[in-house]
Amino acid sequence: WEALSGKKVNELVEASRTSGNVTMCWVPNTFFLVVLLPPHNIVLWNAASGTRIWKQTFVDPMYSFSLDPFDESKVVLVSDNSLIFVNDLDMCKAPGCHPKRYHLALGSKGRADSLLPSITGDYHPHSNSMQGLIKVVHSPYCRNKLLLLYPRQITIIDLELMHATGYILQDRGSSQFIDMYVCTSDNIIYCLHDSGAISIRKYSDSDSYQQENCYQCVVVSEAMRLCKSAKLIGLQAKPFTEEKLLFMLTDGRIVGWRLFDCDGPVDFLSEVQWEEDVRLVMIHNTGSNSSPPYTAKVCPPLSTKNSHFYRPLLALGSHSGSILIVDLTTTKTIKEFTLHTSPVAGIEWVANRRIISFSNNLGGSGPVKNELYYTDINTGRYQLLRTATKDRDDVPLSVSKSLISISISSFY
C-alpha cells in the first residue's frame, strides 16, 4: 500500500500453506520484502513489481526472524529449539539450505547466558532457554547486538563474543513484556506491556556498569483499561524521528503516543533531555468498528440554512449498541458513542448536529427493553427519552420536517 495516498500498489500471493503468523521485514533502502511463511518457507518479493525473486524451504520449523540492519546478507531465524544464522542472504539467489545453528545455554542464574553451536540430532532440552522466547531483534544502533525478548526479561547478546552482555529484568509483580521497538537514533528500547503501558529503557553508561538492568527505565506511560477480548498487537515508532509510537488491538483500535517534555511535544528522540520531566502522552485512540453495522442514516442535505456549518456525515449503528459518526468527505470516523445495551435498530437526524437513536432486545429472552436516546454529536451530551413509559414492542421512529414532533409506532 502507498501509505500517504492509501492506494494499493501490489498484491503478493504465495500458495504455500502457513501454520502461524506471517513475519515481514523490508530490506533497508529497497523495495525488497523478506517474508517468513511458517513453518518452513522464507520468500523474497519485489514489492514494486509484485514479482517473487526466490523462495527457500528449511527443514527446521520457524516462527520469527530478524534481518541485520548493518549487513543485508545476515539474518537470524527462530526455530523451536535453536537460533538459525543465515550469512548468505542475497537479493538475486536463495540462501543455502545448511545454515549454522546455535542453542541458548543457561547460566548459573537460570538465564540465557551464551550461544553454543548446535548439531542436528544432538539437542538437549535442559541445556537451552528457547521456551517463552517471543522475538529476536538486531539492534539498529549498536553493531553485532542481538536482543531476545521474553515475557519477564530482555537478553542482550554480543554476536562477536556469542555471549550475553546485559539483561533487562521485570519483577514478578509487574506486567509482562509483549513487544519491543529498538531505536535507531539512540541506544533506547521501547517496551510494550500486557497492561497497555509503554516503558522507555535507556542504556546506562555509568562507570559502575552492571550486567543486570543495564538499561534504566526512564519513562512509563499510563496503563490502559483492556477488556478480555482485546489483545495488544505489536509496537511501532515513527521512522527517523521516533518520538511517536502506536500499537494496535485485536478489536480494531489504534492507540498513538508522543513524547512530551517541559516545553511541550518533542520533535526528535535524539534531542530529548532525559534529566528533565519527560513523559508519554496519548495523542489519539481510534474507535473500533469490530462489530458489524446494524443500521445507517445520512444527515440532511445541504441547504441555504445549514451551508455555513454543513458537513456530510453518516451515522452508523452497530450490533454492539455503539454509534459511529463518519465524515463522508474523508471517510474517517470522527465520533463514537457507546449508548445502547442492545443492537441499534434505528437512527434519525435532528438537523445536522443531533441524532435520535433507539434499540430494543426483541430477539433476546426476557422482557422487552426499549432505549431511546437524544444525542448532541458535537458535545457528546445525551438524554434518555421515555423513561417512565412501560416497555413494549416498538418499531422504527420518524422525525417531522419541522423538527418539533417525533412519531413512534408500537405493537400492542
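Look a little higher up for the structure.
Residues numbered from 1 in each chain as written. Predicted model: local features only at pLDDT ≥ 70, side-chain atom pairs only at ≥ 80, totals over all residues. Heavy atoms only, no water.

1. Topic: the sheet that holds strand 16 (residues 198-203)
The strands that make up a sheet pair up through hydrogen bonds in the backbone, lying either parallel or antiparallel. Spatially, 4 strands are ordered 14-15-16-17 in an open sheet, and the strand pairing comes out antiparallel. Lying at the two open borders of the sheet, with one neighbouring strand each, are strand 14 (177-182) and strand 17 (215-220). Neighbour to neighbour, the strand axes of the sheet diverge by 30° on average, direction disregarded. Two strands pair when backbone bridges link them, and strand 14 and strand 15 (residues 188-193) are joined in this way by 5 bridges, in the antiparallel orientation. Counted as the bridge partner of Tyr181 is Tyr190 from strand 15. (Pairing = 2+ DSSP bridges. Helix = DSSP H or I, 4+ residues; strand = E, 2+ residues; numbered from the N terminus. Axes fitted to C-alpha atoms, helices over the stretch in contact; angles between N-to-C directions.)

2. Description of the packing of aromatic side chains
Scanning the entire structure with this criterion turns up 4 aromatic pairs. Where Tyr181 meets Tyr190, the ring centres are 6.3 Å apart and the plane angle is 25°; that geometry is what we call stacked. The exposure class assigned to Tyr181 is buried, which follows from its relative accessible area of 14%. Aromatic pair Tyr373 and Tyr382: ring centres 5.6 Å apart, planes at 70°, arrangement edge-to-face. It is Arg353 that lies over the ring of Phe309; its NZ or CZ is 4.3 Å from the centre. (Phe/Tyr/Trp six-rings, centres within 6.5 Å; stacked < 30°, edge-to-face > 60°. Buried < 20%, exposed > 50% of the residue type's maximum accessible area, 1.4 Å probe, protein only. Lys NZ or Arg CZ within 6 Å of the ring centre and 35° of its normal.)

3. Observations regarding the pattern of salt bridges
For the coordinates displayed, the defined rule picks out 11 salt bridges. The partner of Glu14 in a salt bridge is Lys55, with the nearest N and O atoms 3.1 Å apart. Of this pair, Glu14 sits in the segment before strand 1 (23-26) while Lys55 sits in strand 4 (residues 51-57), placing them 41 residues apart in sequence. Residue class for Lys55 comes out partly exposed when judged on its relative accessible area of 29%. Among the ionic pairs, Asp60 bridges to Arg101, the shortest N-O distance being 2.4 Å. Here the residue Asp60 occupies a position in the loop between strand 4 and strand 5 (62-67), and Arg101 occupies one in strand 8 (residues 100-106), the gap between them amounting to 41 residues. Here the residues in one salt-bridge network are Glu14, Arg52 and Lys55, joined through shared partners. (Salt bridge = Lys/Arg side-chain N within 4 Å of Asp/Glu carboxyl O.)

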